[in-house]
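An overview of the molecular structure
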Amino acid sequence: MIFIVYWAVLQLYFRSKMIKIKGTLTTVESPPRVKIDTTFRQNKLTYSNYWFLIHMAIIVAIAIISILNYNALPNVIPMKYDFQGNVTSSVPKTYLSVLAINLVQLGIIVLMMLVNWSIKTSKQQLTPSNPAQFAAEHIRFRRKWSLFTIITALLLTILFAFIQINMFVPNLVLLTGVSFIIPVLIVLGAVWLSLTARQGGGKIRNHQEDGERSKEQPVNDDDYWKLGFIYFNANDPSFIVEKRYGIGWTMNFARPLSWYLLLFILAMVGISIVLSQ
Amino acid sequence: MIIQLDMQSELPIYSQLVYQIIEGIASGELQLGEALPSVRNLAADIGVNLHTVNKAYTILKQDGYILVHRQKGVVVNPDGMPKLTDDFLNKQQRELRPIIAEAICRGMSKEELSAVLAQVYDDVKMGHNKE
């Protein structure tokens, strides 16, 4: 919470500073241009959502195993452990409480499929200079993040599968190990991706001399970025756009679909909180 | 092909789109039968209304430069380009007249004007991306 406030203050402070600096800059003669590669959408931008069938298969298999071994379970299922391995909360055995994990897994996969789909459909944003080369890098950037999404979903599926199997064959050491390693792997992967692939797919460092750099400037869309980070453009039919800075994508909040999506994600979080209690 | 649009130009976006696509075909950057982005994708990528792209595609379709297939989507007309018709020649003369009139007013000779015409002709054929 403190972090969010800190981030917001920092972002607003530097935004106002940038706006001042931008106002003093001389404008370049060449008009801002939008450049679009007509062959862009013919490329494979992401990995197919069919890859999630593997995840689904794991979930279904674990669910079937759980149902078959339902009678072997104790009448009270431990849900949480403290660091000494003592049970801190538990629930009575019902089909819902046994299969709750599978529902959460399914929710995660639907969410990840949505993420993968939005990487694919998000708006094409090319640099004014050297658009053809940039397009190639941009496609690589999208595919990397798509692959990361699929692998993350798979790791999470495996993590939950371990938790569920732990109900039948308790092995606390293994479970603790897995539930430590998998989140670490995911975070490291995200950090590594963010450091190697700049947002949009360009090079992190620009080695060109000042003279070689393009004098062309991108289209000024400052007005559509409310507070600098919320995209609101009613004229733009695309609703997934790349974030202006940072990592990832954001939504065009002028489109009602993005509000539904936001509600859906909040509902998913809410449902998993309710289920875990 | 890379389409370049000037978002602040007096020329409307749909006209720019029409001109750019015809230029792309003229320069060979767009091959006969080559697929073009769907209306929805192109509008989203440029960040303009669907109607803008639709209008451009409708004009191109009426003139015979592109075809809109139900399954294959939008493609550059694979059967070749529309032929020189009387209608087209009349339209071309109509459009050239004010340009030539202006050139005469500003004291351009016939030769100078022809030189400009020849240069632009070569330029379009070369294509702006090839350099």
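Please read all numbers here as calculations on a predicted model, not as lab measurements.

**A few points about the overall build of chain B**
When its secondary structure is counted, chain B shows five helices and four strands. Going from N to C terminus, chain B has its helices and strands arranged as β-α-β-α-α-β-β-α-α. Projected onto the principal axes, the alpha-carbon positions of chain B cover approximately 50 × 35 × 30 Å. For chain B, the residues scored as buried account for 33% of the 131 residues in total.

**A few points about the overall build of chain A**
For chain A, the helix and strand inventory stands at six helices and seven strands. Ordering the α and β elements of chain A from the N terminus gives α-β-α-β-β-α-α-α-β-β-β-β-α. The 277 residues of chain A split such that 33% are buried. When contacts within chain A are restricted to residue pairs at least 6 apart in sequence, those whose partners lie at least 24 apart make up 65%. In the form shown here, chain A has an accessible surface area of approximately 17,100 Å², with 70% of it arising from carbon and sulfur atoms.

**A closer look at the interface of chain B and chain A**
Contact residues are listed per partner, giving 23 residues for chain B and 21 residues for chain A. Each partner contributes to the roughly 1,800 Å² buried at the junction of chain B and chain A, and carbon and sulfur atoms together form 56% of this total. The three residues of chain B that bury the most area against chain A are Ile 2, Gln 4 and Asp 45 of chain B, which together make up 31% of that side's buried surface. Summed over the shared surface of chain B and chain A, the result is one salt bridge. A salt bridge links Asp 45 of chain B to Arg 41 of chain A; the shortest N-O distance between them is 2.7 Å. Counting across the chain B and chain A interface gives six residue pairs in polar contact (both at pLDDT 80 or more). Mapped onto the side of chain B that touches chain A, the elements with two or more residues apiece are strand S1 (2-6), strand S2 (35-36) and helix H2 (39-46) of chain B. It is H2 of chain B that contributes the most residues to the side of chain B that touches chain A, six residues altogether. Considered class by class, the residues forming the side of chain B that touches chain A number 15 nonpolar, five polar and three charged.

**A look at the sheet that holds strand S4 (residues 73-76) of chain B**
Residues and elements named next belong to chain B. Read from one edge of the open sheet, three strands run S2-S4-S3, paired in antiparallel fashion. Whereas interior strands pair on both sides, the edge strands pair on one side only; in this sheet they are S2 and strand S3 (66-69). Across two bridges, the pairing between S2 and S4 is antiparallel. Looking at the pairing, Ala 35 lines up with Val 75 of S4. Contacting S2, S3 and S4, helix H3 (residues 50-63) crosses the sheet at an angle of about 110 degrees to S3.

**As for the packing of aromatic side chains**
Residue and element names in this part refer to chain A. Going through the model one piece at a time under the given rule, you end up with five aromatic pairs over all chains. A ring pair is formed by Trp 145 and Phe 148, whose centres lie 5.3 Å apart and whose planes are at 85 degrees; its orientation type is edge-to-face. You can see Trp 145 and its partner Phe 148 sitting in helix H4 (residues 131-168), three residues apart, about one turn around the helix. Of the residues examined, Trp 145 reaches a relative accessible area of 10% and is grouped as buried. Classification of Phe 148 by relative accessible area gives buried; the value is 18%. Ring plane angle 45 degrees and centroid distance 4.9 Å describe the contact between Trp 225 and Tyr 231, whose orientation is recorded as tilted. On the basis of relative accessibility, which here comes to 4%, the residue Trp 225 falls in the buried class.

**A word on helix H5 (residues 172-196) of chain A**
Residue and element names in this part refer to chain A. With 25 residues, H5 extends 36 Å between its outermost C-alpha atoms, agreeing within 8% with the 36 Å of an ideal straight helix rising 1.5 Å per residue. Where H5 is concerned, the buried positions are Leu 175, Val 178, Ile 182, Ile 186 and Leu 193. Turning to H5, the residues buried within the fold contact H4.

**Examining the pairing of strand S1 (residues 33-37) of chain A**
Burial runs high along S1 of chain A: four of the five residues are buried. One ladder, built from five bridges, connects S1 of chain A with S1 of chain B; its direction is antiparallel. Residue pairing for S1 of chain B: Ile 36 of chain A is matched across the bridge by Ile 3 of chain B.

**Here we look at the layout of surface pockets**
All names here are of chain B. Estimated volume of the second largest pocket: approximately 1,900 Å³. Lining the second largest pocket are 34 residues, and of these Ile 22, Tyr 65, Phe 88, Gln 92 and Glu 95 sit closest to its centre. Counting only elements with at least two residues in the lining of the second largest pocket, the list comes to helix H1 (13-27), H3, helix H4 (86-105) and helix H5 (110-126). If one sorts the elements of the lining of the second largest pocket by residue count, H5 sits on top with nine residues.

**Things to note about the packing of H4 of chain A against H5 of chain A**
Residues and elements named next belong to chain A. Interaxial distance between H4 and H5 falls to 10 Å at its minimum, and their mutual angle equals 170 degrees. Classified by the angle between their axes, H4 and H5 sit roughly antiparallel to one another. Along the lines of polarity and charge, the residues of the contact of H4 with H5 split into 17 nonpolar, six polar and one charged.

**Some words on the packing of H2 of chain B against H3 of chain B**
Residues and elements named next belong to chain B. For the pair H2 and H3, the least separation of the axes is 8 Å and the interaxial angle reads 125 degrees. Classified by the angle between their axes, H2 and H3 sit oblique to one another. For H2 against H3, the interelement crossing comes out right-handed. The residues of H3 that touch H2, namely those facing Val 39, Arg 40, Leu 42 and Ala 43, are Leu 50, Val 53, Asn 54 and Tyr 57.

**Examining the environment of Glu 112 of chain B**
All names here are of chain B. Looking at the element boundaries, Glu 112 is found in helix H5. Taking C-alpha positions, Glu 112 is 29 Å from Lys 83, a pair spaced 29 residues apart along the chain. Among the polar contacts listed, one links the side chain of Glu 112 to the backbone nitrogen of Ser 109, at a separation of 2.9 Å.

The rules behind these values
Residues numbered from 1 in each chain as written. Chains lettered and ligands numbered in written order. Predicted model: local features only at pLDDT ≥ 70, side-chain atom pairs only at ≥ 80, totals over all residues. Heavy atoms only, no water. Helix = DSSP H or I, 4+ residues; strand = E, 2+ residues; numbered from the N terminus. Buried < 20%, exposed > 50% of the residue type's maximum accessible area, 1.4 Å probe, protein only. Contact = heavy atoms within 4.5 Å. Areas by Shrake-Rupley, 256 points an atom, 1.4 Å probe, with all protein chains shown as cover. Buried area = accessible area lost by both parts, 1.4 Å probe. Salt bridge = Lys/Arg side-chain N within 4 Å of Asp/Glu carboxyl O. Polar contact = N/O pair within 3.5 Å; in protein donor to acceptor, adjacent residues only side chain to side chain. Nonpolar A, V, L, I, M, F, W, Y, C, P; charged D, E, K, R; others polar. Pairing = 2+ DSSP bridges. Axes fitted to C-alpha atoms, helices over the stretch in contact; angles between N-to-C directions. Phe/Tyr/Trp six-rings, centres within 6.5 Å; stacked < 30°, edge-to-face > 60°. Expected span 1.5 Å × (residues − 1). 1 Å grid on protein atoms, 1.4 Å probe; cavity = no way out; pocket = protein on both sides within 12 Å on 5 of 7 lines; lining within 4 Å. Points joined across faces, edges and corners; volume = space filled by probe spheres on them. Parallel < 35°, antiparallel > 145°, perpendicular 65-115°, else oblique. Left-handed = near helix turned anticlockwise from the far one by under 90°.

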